[in-house]
Amino acid sequence: MWDMNEVVKIEYKGGDIYHIVFDNSASGDIDFSKYLIKGSVFNALKNLELFKKARVEGGTIAWPNGVDIAPETIYEAIESAKKT
């Protein structure tokens, strides 16, 4: 369960995947390809050079064009992957 945890580290792994680490040490690889098809706001991130420019901002992963993903969404994805 997400408890207001913040992303503290990201590492680009290749393709559409980043390794994400939270402040409580929860971590995992997230494939962002499913987000890239979720609306026009994400279209710019299909450009790999822009996608690779992500950074930690405000406790989550964000890109220079202003796109970010809610930290609770990322946290839940990491926790769900551990259950499978």
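Everything below is about the structure printed above this text.
What you see as residue numbers is a count from 1 along each chain, following the sequence as written. In keeping with the predicted nature of the model, local features appear solely for residues at pLDDT of at least 70, side-chain atom pairs appear and are counted solely at 80 or more, and the whole-chain, interface and lining totals rest on all residues. Neither water nor hydrogens contribute to the side-chain values; these are computed over all heavy atoms in the structure.

### Overview of the sheet that holds strand β1 (residues 7-14)
Part 1 of the reasoning: Each pair of strands is called paired provided DSSP finds at least two bridges between the two strands. The helix count covers DSSP runs of H or I at least four residues long, the strand count covers runs of E at least two residues long, and both are numbered beginning at the N terminus. Read across the sheet, 3 strands follow the order β1-β2-β3 without closing on themselves; strand pairing throughout is antiparallel. At either end of the open sheet lies a strand with only one pairing partner, and these are β1 and β3 (27-31). With strand direction ignored, the average angle separating the axes of adjacent strands in the sheet is 25°.
Part 2 of the reasoning: By the bridge criterion, 6 bridges tie β1 to strand β2 (residues 17-22) in an arrangement that is antiparallel. To get an axis, a line is fitted to the C-alpha atoms, and for a helix only the part in contact is used. The angle between two axes follows their N-to-C directions and goes from 0 to 180 degrees.

### What about the side chain of N5?
Part 1 of the reasoning: Tracing the sequence through the fold places N5 in the segment before β1.
Part 2 of the reasoning: Polar contacts involving the side chain of N5 include one to the main-chain amide nitrogen of D3, which spans 3.1 Å.
Part 3 of the reasoning: Throughout this description, a polar contact denotes any pair of N or O atoms lying within 3.5 Å of each other; where both atoms belong to protein, one of them has to be capable of donating a hydrogen while the other can accept it, and for residues adjacent in sequence the pair is counted only when both atoms sit in side chains. A distance of 3.1 Å separates the side chain of N5 from the side chain of D23, its partner in a polar contact.

### Observations concerning helix α2 (residues 71-83)
Part 1 of the reasoning: In this scheme, a helix's expected span is set at 1.5 Å multiplied by one less than its residue total. Given a rise of 1.5 Å per residue, 13 residues ought to cover 18 Å, and the 19 Å separating the end C-alpha atoms of α2 matches this to within 8%.
Part 2 of the reasoning: Here the term buried applies to any residue with accessible area under 20% of the maximum for its type, exposed to any over 50%, and partly exposed to those in between, with areas from a 1.4 Å probe on protein chains only. Among all positions in α2, only P71, I74, Y75, A77 and I78 are buried. Each buried residue of α2 sits inside an arc of 160° when the element is viewed along its axis, so together they form one side.
Part 3 of the reasoning: Contact definition: two residues touch when any of their heavy atoms are within 4.5 Å. Considering only its buried residues, α2 is in contact with β2, β3 and β5 (60-62). Comment: arc refers to directions from the helix axis out to C-beta atoms.

### Observations concerning unusual backbone geometry
Generally, phi is negative for residues other than glycine and the peptide bonds are trans, each holding for most cases.
Part 1 of the reasoning: Unusually for a residue other than glycine, M4 sits at a positive phi of about 60°.
Part 2 of the reasoning: Positionally, M4 belongs in the segment before β1.

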